Amino acid sequence: SHYTLSSDALQGAIRLDVKIGTSAVDVFKTTPYYRVKDVRATNTIRSDGSLVEEQVVTYAGPLAARVRAFLISKTPQERQESELADYHSLVSDSVNPEFEFFGLNDVSDPVTTRSNVLYKAVFEPGKFGSYTEKDGWLANELKIAKSKNKHHEYAFSGIRYRSEFISKLPTGYSVAYTGPKLSLKTRFGSLIRQYEIEGPGYRVITELNLPRAKIPLSDLPKFNRFLDYLKDNVNMWVALAQPSDKQE
C-alpha cells in the first residue's frame, strides 16, 4: 500500500520503497506527538449554587484514528456507556451526561465528543468562596506517560494536551484572586498554566507538551519524577468575591 495509507502503528518502522531508484531501506516518518487532545469546558455557575457544564473533547493525529476505530466498532448505546465510564473516572461520577460524537465518518477529521450536564449543588447559595477544580484529563495523560520499565530505554511516543476551563459567575460575583501561574520546563517537556479574568468570570488555560523521545534507562527516574511533580499541579482554583464582600 502507499505509505500515506499505512497504520500509525508503523511510525518509525523500517520500510523499503518499492520504486525505481530505491537503493536502501528507510523508515516511516514519525509525528512529535502521538497523543493530541484538546479539552474545553464551559461552566455557568448560577446564583442558586448549581452549575451547568458544556464539555468538548477533541482528539487529533494518530490518537484520533485510534479513538475513531474504537467508537465506530460500538453500537450507539455502547458509545454512550464508554464515554460515561471515562467521564465518571476523570471528571465526576455524580452526574450522567449524554454525549454527541463528531468526526467518525471522515478519517481526515479530528474526533470530538460533546456533553452538557447540570450539577445541582456545587455551592451553598450565598456562600461562594474558594473553588477548586481538578483537570482529570490532564492527570490521566500524565499517568499514561509514566513508565514502570526498569530494563531498557523508554520509547516515549509524545503527548500534546491543552485544556481551557471557562467559568461564568452569577451577577454581582467576581474573582478575588486565582491560583498561581505555572511555567514548569525541563528537557523532557513543559507544563504551562495561566489564569485570565474576563468580566464576571475567568478562564484557565493549561498546556502540556511532552515531545516524542527515546529516554535512556538512566534518565527514567528523572522523567517519572517530573511527571509526578506535574501531577501535583493538576488542580485549578480561584477565590470568589461576593457582592457583600465589595460593600465591606
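Anything mentioned here points back to the structure above.
An account of the accompanying structure is given in this report. (Residues numbered from 1 in each chain as written. Predicted model: local features only at pLDDT ≥ 70, side-chain atom pairs only at ≥ 80, totals over all residues. Heavy atoms only, no water.)

### Regarding the overall build of the protein
Part 1 of the argument: Counting its regular elements, the protein contains 5 helices and 15 strands.
Part 2 of the argument: Along the first, second and third principal axes, the C-alpha set of the protein runs to 80 × 45 × 30 Å.
Part 3 of the argument: Burial status across the protein gives 44% buried among its 248 residues.
Part 4 of the argument: Considering only intrachain contacts with a sequence separation of at least 6, the fraction spanning at least 24 residues in the protein is 67%.
Part 5 of the argument: Carbon and sulfur atoms provide 52% of the accessible area of the protein, an area that totals close to 14,000 Å².
Part 6 of the argument: Seen as two clouds, the 33 positive and the 30 negative side-chain charges of the protein have centres 6 Å apart. (Helix = DSSP H or I, 4+ residues; strand = E, 2+ residues; numbered from the N terminus. Buried < 20%, exposed > 50% of the residue type's maximum accessible area, 1.4 Å probe, protein only. Contact = heavy atoms within 4.5 Å. Areas by Shrake-Rupley, 256 points an atom, 1.4 Å probe, with all protein chains shown as cover. Lys, Arg positive; Asp, Glu negative; His and termini not counted. Charge placed at Lys NZ, Arg CZ, Asp CG, Glu CD.)

### Observations regarding the sheet that holds strand β10 (residues 174-178)
Part 1 of the argument: Read from one edge to the other, the open sheet built from 3 strands follows the order β7-β15-β10, with strand pairing classed as antiparallel. Edge strands, defined here as strands with exactly one partner in the open sheet, are β7 (130-134) and β10. For this sheet, the mean angle separating the axes of adjacent strands, direction not counted, is 35°.
Part 2 of the argument: Sheet analysis places β7 next to strand β15 (residues 235-241), joined by 5 bridges and oriented antiparallel. Residue pairing for β15: K134 is matched across the bridge by N235. (Pairing = 2+ DSSP bridges. Axes fitted to C-alpha atoms, helices over the stretch in contact; angles between N-to-C directions.)

### A few points about the nonpolar core
Part 1 of the argument: Core analysis: the largest hydrophobic core is formed by 55 residues, its most contacted members being Y59, F156, Y202, L208, F223 and L240.
Part 2 of the argument: Excluding residues that lie within four positions of it along the chain, F223 makes contacts with A145, Y154, F156, F188 and I215. (Core = buried A, V, L, I, M, F, W, Y, C linked by side-chain atoms within 4.5 Å.)

### Structural notes on a nonpolar patch on the surface
Part 1 of the argument: Among the surface-exposed residues, I14, L16, V25 and V27 lie close enough to one another that they form a single nonpolar patch of about 400 Å² accessible area.
Part 2 of the argument: In this fold, I14 is placed in strand β1 (residues 14-15).
Part 3 of the argument: For I14, a relative accessible area of 64% gives the class exposed. (Patch = residues over 30% accessible without salt bridge, like charges linked within 9 Å, V, L, I, M, F, W, Y side chains within 5 Å. Salt bridge = Lys/Arg side-chain N within 4 Å of Asp/Glu carboxyl O.)

### Here's the deal with helix α1 (residues 61-72)
Part 1 of the argument: Between its terminal C-alpha atoms α1 stretches 17 Å, which fits the 16 Å expected from 12 residues at 1.5 Å a residue.
Part 2 of the argument: Contact partners of the buried residues in α1: β3 (35-45), β4 (51-60), α2 (76-90), β5 (98-102) and β6 (111-119). (Expected span 1.5 Å × (residues − 1).)

### Some words on the sheet that holds β4
Across a sheet, paired strands are connected by hydrogen bonds in the backbone, their directions being either parallel or antiparallel.
Part 1 of the argument: If you walk across this open sheet you meet the 8 strands as β5-β6-β4-β3-β9-β13-β12-β11, and the pairing is mixed. One side of each edge strand has no neighbouring strand; the edge strands of this open sheet are β5 and β11 (182-186). On average, adjacent strands in this sheet sit at an angle of 10° to one another, irrespective of strand direction.
Part 2 of the argument: Examined bridge by bridge, β3 and β4 share 10 bridges and lie antiparallel to one another.

### With respect to helix α4 (residues 220-231)
Part 1 of the argument: Helix length check: α4, at 12 residues, gives a terminal C-alpha distance of 16 Å against a target of 16 Å (1.5 Å per residue), a fit within 8%.
Part 2 of the argument: Here α4 has its buried residues at L220, F223, N224, F226, L227 and L230. Down the axis of α4, the buried side of the element spans an arc of 155°, and every buried residue falls inside it.
Part 3 of the argument: Tucked inside the fold, the buried residues of α4 contact α3 (136-145), β8 (154-156), β11, β12 (189-197), β13 (201-210) and β14 (213-215). (Arc of directions from axis to C-beta.)

### Description of the environment of L63
Part 1 of the argument: Assignment of secondary structure puts L63 in helix α1.
Part 2 of the argument: Setting aside chain neighbours within four positions, we find L63 in contact with Y34, R35, V36 and K37.

### Examining the pairing of β13
Part 1 of the argument: Judged by how many residues are buried, β13 sits mostly within the fold: 8 of 10 residues are covered.
Part 2 of the argument: Pairing of strand β9 (residues 159-168) with β13, which is carried by 10 bridges, proceeds in the antiparallel orientation. Bridge pairing links S167 to Y202 in β13.
Part 3 of the argument: When β12 meets β13, the two strands line up antiparallel, connected through 8 bridges. By the bridge assignment for β13, E196 is matched with R203.

### What to know about the environment of G103
Part 1 of the argument: Looking at where G103 falls in the secondary structure, it is placed in the loop between β5 and β6.
Part 2 of the argument: Sequence-wise, G103 and Y59 are 44 residues apart; in three dimensions their C-alpha atoms are separated by 9.7 Å.
Part 3 of the argument: In this view, G103 contacts R68, D109, P110 and V111; residues no more than four positions away in its chain are not counted.

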